[in-house]
Amino acid sequence: MDTIPNREPFIQPLHVDWYRPYVAALDMLRLDVVHPVVSGNKWYKLKHNLQHAIEERYKTVLTFGGAYSNHLVAAAAAAKQYGLRSIGIVRGTYAQDSITPTLLECVEYGMELQFVSREEYAMKEEGDYLLQLSQRFDTPYIIPEGGANEYGRIGCEEIASFIDNKYTHICLAVGTGTSFCGVANALPADTNVYGYAPMKGGDYLNEIIDIYLEADKRANKKIYADWHFGGFGKRTDELIGFMNEFYRMNEIPLDMVYTGKMMAGIQQQLQQQVFPADARILCIHTGGLQGNASVQQSLIY
Ligand SMILES: *Cc1c(COP(=O)(O)O)cnc(C)c1O
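Residues numbered from 1 in each chain as written. Predicted model: local features only at pLDDT ≥ 70, side-chain atom pairs only at ≥ 80, totals over all residues. Heavy atoms only, no water.

**Section: the sheet that holds strand β1 (residues 10-13)**
Here's step 1: Judged by pairing direction, the sheet is mixed, and its six strands sit side by side in the order β1-β2-β10-β7-β8-β9 without closing on themselves. Looking along the sheet, the strands with just one partner apiece sit at the ends: β1 and β9 (221-224). The mean inter-strand angle of the sheet, taken between neighbouring strand axes irrespective of direction, is 25°.
Here's step 2: Direction of pairing for strand β7 (residues 169-173) relative to strand β10 (residues 280-285): parallel, over a ladder of three bridges. When the bridges of β10 are listed, C171 appears paired with C283. (Pairing = 2+ DSSP bridges. Helix = DSSP H or I, 4+ residues; strand = E, 2+ residues; numbered from the N terminus. Axes fitted to C-alpha atoms, helices over the stretch in contact; angles between N-to-C directions.)

**Digging into the layout of surface pockets**
Here's step 1: Approximately 1200 Å³ is the volume attributed to the largest pocket.
Here's step 2: Forming the walls of the largest pocket are 49 residues, and the residues nearest its centre are E145, G175, T176, F232 and Y258.
Here's step 3: Of all the elements in the fold, those that place two or more residues in the lining of the largest pocket are α2 (40-55), β3 (60-65), α3 (70-81), α7 (150-157), α8 (178-186) and α9 (205-212).
Here's step 4: The element contributing the most residues to the lining of the largest pocket is α8, with four residues.
Here's step 5: Split into classes, the residues belonging to the lining of the largest pocket amount to 19 nonpolar, 19 polar and 11 charged. (1 Å grid on protein atoms, 1.4 Å probe; cavity = no way out; pocket = protein on both sides within 12 Å on 5 of 7 lines; lining within 4 Å. Points joined across faces, edges and corners; volume = space filled by probe spheres on them. Nonpolar A, V, L, I, M, F, W, Y, C, P; charged D, E, K, R; others polar.)

**Focus: the site of the ligand**
Here's step 1: Around the ligand, the structure places 15 residues, and the nearest of them are K42, N70, T176, S179 and T286.
Here's step 2: Between G177 and the ligand, the recorded distance is 2.9 Å, taken from a backbone N or O atom to an oxygen atom.
Here's step 3: T286 places a polar side-chain atom, nitrogen or oxygen, 2.7 Å from a nitrogen atom of the ligand.
Here's step 4: About the coverage of the ligand: the protein hides 98% of its 390 Å² of free accessible area.
Here's step 5: More than half of the atoms of the ligand fall within 2 Å of the grid points belonging to the largest pocket.
Here's step 6: When residues of the shell around the ligand are traced back to their parent elements, those giving at least two are α2 and α8.
Here's step 7: With three residues, the top contributor of residues to the shell around the ligand is α2.
Here's step 8: Across the shell around the ligand, the residue classes break down as three nonpolar, 10 polar and two charged. (Near = heavy atom within 4 Å. Polar contact = N/O pair within 3.5 Å; in protein donor to acceptor, adjacent residues only side chain to side chain. Areas by Shrake-Rupley, 256 points an atom, 1.4 Å probe, with all protein chains shown as cover. Sits in = over half its atoms within 2 Å of the grid points.)

And the structure:
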């Protein structure tokens with residue numbers, strides 16, 4: 001079942017000029033190399049969900065996402081690989097008329113897309129609505145938006161196995177907080193784990209992670225929400241310029257939705273000396289590079 005990764009994750013140090021003199025080390029865990037589409041954290045969040053679906057003999061998986069959702073396309077690709085039919089419930093009927101590269105890719109992987117109004121989409125966690133979907137789509141195995149469930153968190157605990165204990169700070173981008181909680185739950189309790197939310201008002205995630213972090217793992221965990229660059233999926237010339245500059249120096253491609261914003265935030269935090277001078281930081285590249293399709297012409301990679 002563990003066949004998706006086509007390359008093992010590895011740790012790549014950033015160019016010293018990027019982080020000196022502020023901290024002792026700054027490395028990046030390259031989960032983006034795992035697969036071109038089922039990349040980064042998405043594979044870990046889906047893995048146990050799909051395993052369970054297969055064990056329980058489901059024929060179909062159903063999940064949710066927006067028109068740029070990395071999760072949706074990852075679910076489509078992974079379901080195809082395992083011979084499962086896939087249904088994607090897409091937020092916003094407008095998306096049907098202005099189909100995105102992400103959604104096109106979902107269709108290429110055989111996902112059947114169902115466009116629903118924002119109002120209907122908002123019911124995605126309600127029991128009655130899920131029952132209705134279940135009847136309509138041949139009793140599918142339902143994965144919540146972003147793979148945000150217990151199986152998703154457990155899968156992300158595996159990410160911690162790539163992290164050795166020389167690091168004092170672990171940084172990763174957050175959407176639902178599923179990866180954050182999985183990683184933090186699997187690391188020693190006092191490890192500093194910082195999350196970077198790419199949407200306006202992302203501070204609420206501090207409350208969400210408190211629910212799913214084990215009681216003794218809540219110290220030294222924090223979500224920052226200052227680097228949203230206008231909101232989820234929004235970008236500025238400054239952000240694109242930063243991503244190009246980062247690539248020039250480190251030869252690591254960042255995505256515009258999550259990891260670009262996180263690294264821009266970390267650059268500012270280094271200058272603001274948020275991290276102690278002896279910090280050894282590991283940033284997690286959670287993938288998402290397929291989401292750069294719409295800005296490809298502005299990027300040097
Ligand atoms: C989906 C995604 C995230 C968010 O992961 P969560 O587990 O929902 O917090 C972070 N980075 C990238 C690149 C993603 O695609």
